[in-house]
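# Observations on chain architecture
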Amino acid sequence: MNAGQIAALVLICLGGAAVAVQAPVNGALSRSVTSPLAAAAISFGIGFAILIAVTLASAGPAPFARAAGVPGWQLLGGFLGAFYVWAMTSAIGTVGALTALAALILGQLAAGLALDHIGAFGLPVQPVSGRRIAAVVLVAAGLFLSRG
């Protein structure tokens, strides 16, 4: 592995840790405002404001102007992110952080397996293999064991 790949993996691991902390923080916000949907909206609103400010400070308004010409499907990420935040905010208080995150990772791996296999959205095709299926099955076992 080269230095760029290591840096990317470290960044992703830090993002995973942020997701792990974000979920119970948003769950607590949901209890405080008595609405998982409102908590997700508040969370997204704060994140939106920060991302706008950082983008404008670092790249100016040009990237936002270019967004008007992108294919519509590329804008689904915001919907998918909102769904994830709402789903996690709604469920974490019921199942706990470990189980919620195990379910999240299982969903991510199952979808990733399919997306890689078909080369969706410009990804390089990576066929389904026994080893890759075993990785998903092991996470599914971890999800089951997390409830013990």
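Figured I'd write up the structure that's included with this text. Note that the structure is predicted; figures quoted are calculated from it, not measured.

Calculation criteria
- All residue numbers refer to positions counted from 1 along the written sequence of the respective chain.
- Thresholds applied to this predicted model are a pLDDT of at least 70 for local features of residues and 80 or more for the giving and counting of side-chain atom pairs; totals over whole chains, interfaces and linings are not thresholded and use all residues.
- As a rule here, side-chain values cover all heavy atoms of the structure and leave hydrogens and water aside.
- Put simply, DSSP H or I for four residues or longer makes a helix, DSSP E for two residues or longer makes a strand, and each gets a number counted from the N terminus.
- Accessibility here uses a 1.4 Å probe with only protein chains present; expressed as a share of the type maximum, an area under 20% marks a residue as buried, one over 50% as exposed, and anything in between as partly exposed.
- Contacts between residues were defined by any pair of non-hydrogen atoms, one from each residue, lying within 4.5 Å.
- In these tables, accessible area is a Shrake-Rupley quantity obtained with a 1.4 Å probe, and a residue counts as shielded only by the protein chains included in the view.
- Axis definition: a line fitted to C-alpha atoms, limited for helices to the stretch in contact. Angles are taken between N-to-C directions and run from 0 to 180 degrees.
- Angle categories are assigned with fixed cut-offs, so that under 35 degrees is roughly parallel, over 145 is roughly antiparallel, 65 to 115 is roughly perpendicular, and the rest are oblique.
- When the near helix sits turned anticlockwise from the far one by under a right angle, the crossing is termed left-handed; a clockwise turn instead gives a right-handed crossing.
- For this classification, the nonpolar set comprises Ala, Val, Leu, Ile, Met, Phe, Trp, Tyr, Cys and Pro, the charged set comprises Asp, Glu, Lys and Arg, and every other residue, Gly included, is treated as polar.
- Buried Ala, Val, Leu, Ile, Met, Phe, Trp, Tyr and Cys residues form a nonpolar core when they are joined through side-chain atoms within 4.5 Å.
- Like charges are joined within 9 Å and nonpolar side chains (Val, Leu, Ile, Met, Phe, Trp, Tyr) within 5 Å, but only among residues with over 30% relative accessible area and no salt bridge; these make up the patches.
- In the sections that follow, a salt bridge refers to a side-chain nitrogen of Lys or Arg positioned within 4 Å of a carboxyl oxygen of Asp or Glu.
- Geometry of aromatic contacts follows a simple scheme: Phe, Tyr and Trp rings, the Trp one being its six-membered ring, pair when their centres are within 6.5 Å, and the pair is stacked under 30 degrees between planes, edge-to-face over 60, tilted otherwise.

## As for the overall build of the protein
Counting its secondary structure elements, the protein contains six helices and zero strands. Listing each helix as α and each strand as β along the protein from the N terminus yields α-α-α-α-α-α. If one aligns the C-alpha atoms of the protein with their principal axes, the spans along those axes are about 45 × 40 × 30 Å. Taken across its 148 residues, the protein has 16% of its residues classed as buried. If you take every contact in the protein between residues at least 6 apart in sequence, the share linking residues at least 24 apart comes to 56%. In the structure as shown, the protein presents an accessible area of about 9,800 Å², 77% of it carried by carbon and sulfur atoms.

## Details of unusual backbone geometry
Even without being glycine, T34 reaches a positive phi, approximately 55°. With respect to the secondary-structure elements, T34 resides in the loop between α1 (3-33) and α2 (36-59). With phi around 55°, F121 is a residue other than glycine that occupies positive phi space. As for its position among the elements, F121 is in the loop between α5 (97-118) and α6 (130-146). Classification of F121 as exposed rests on a relative accessible area of 62%.

## Examining the packing of α1 against α2
Look at α1 against α2: their axes get within 8 Å of each other, and the N-to-C directions meet at 125°. Regarding the angle of α1 to α2, the classification is oblique. You can see that α1 and α2 cross each other, and the crossing is right-handed. On the side of α1, the interface is formed by Q22, N26, L29, S30 and V33, while α2 contributes P36, A38, A39, I42 and S43. Partitioned by chemical class, the residues of the contact of α1 with α2 number six nonpolar, four polar and no charged.

## Side note on the nonpolar core
Counting residues in each nonpolar core, the largest one holds six residues, listed as A23, M88, I92, A100, L101 and L104. Elements supplying a minimum of two residues to this core: α4 (76-95) and α5. Among the elements that line this core, the one with the most residues is α5, at three residues. Beyond its immediate chain neighbours, meaning those up to four positions away, I92 contacts A23, P24, G27, A97 and A100.

## A word on a nonpolar patch on the surface
Residues L37, W73, L76, F79, L80, F83, W86, L115, F121 and L123 make up a contiguous nonpolar surface patch of about 1,100 Å² in total accessible area. By the element assignment, L115 lies in helix α5. A relative accessible area of 30% places L115 in the partly exposed class.

## Observations regarding the packing of α1 against α4
It is the contact of α1 with α4, at a shortest axis distance of 8 Å, that shows an interaxial angle of 65°. What the angle tells us is that α1 and α4 run roughly perpendicular. For the pair α1 and α4, the crossing hand works out as right-handed. In contact with V19, Q22, A23, P24, N26, G27 and S30 of α1, α4 contributes Y84, V85, M88, T89 and I92. Among the residues forming the contact of α1 with α4, the class breakdown is seven nonpolar, five polar and no charged.

## Comments concerning the packing of aromatic side chains
Overall, the coordinates contain two aromatic pairs when judged by the stated rule. When the centroid spacing of 5.8 Å and the interplanar angle of 45° are considered together, the rings of F83 and W86 count as tilted. Remark: W86 and F83 occur in helix α4; sequence separation between them is three residues, near one turn of the helix. Of the residues examined, W86 reaches a relative accessible area of 33% and is grouped as partly exposed.

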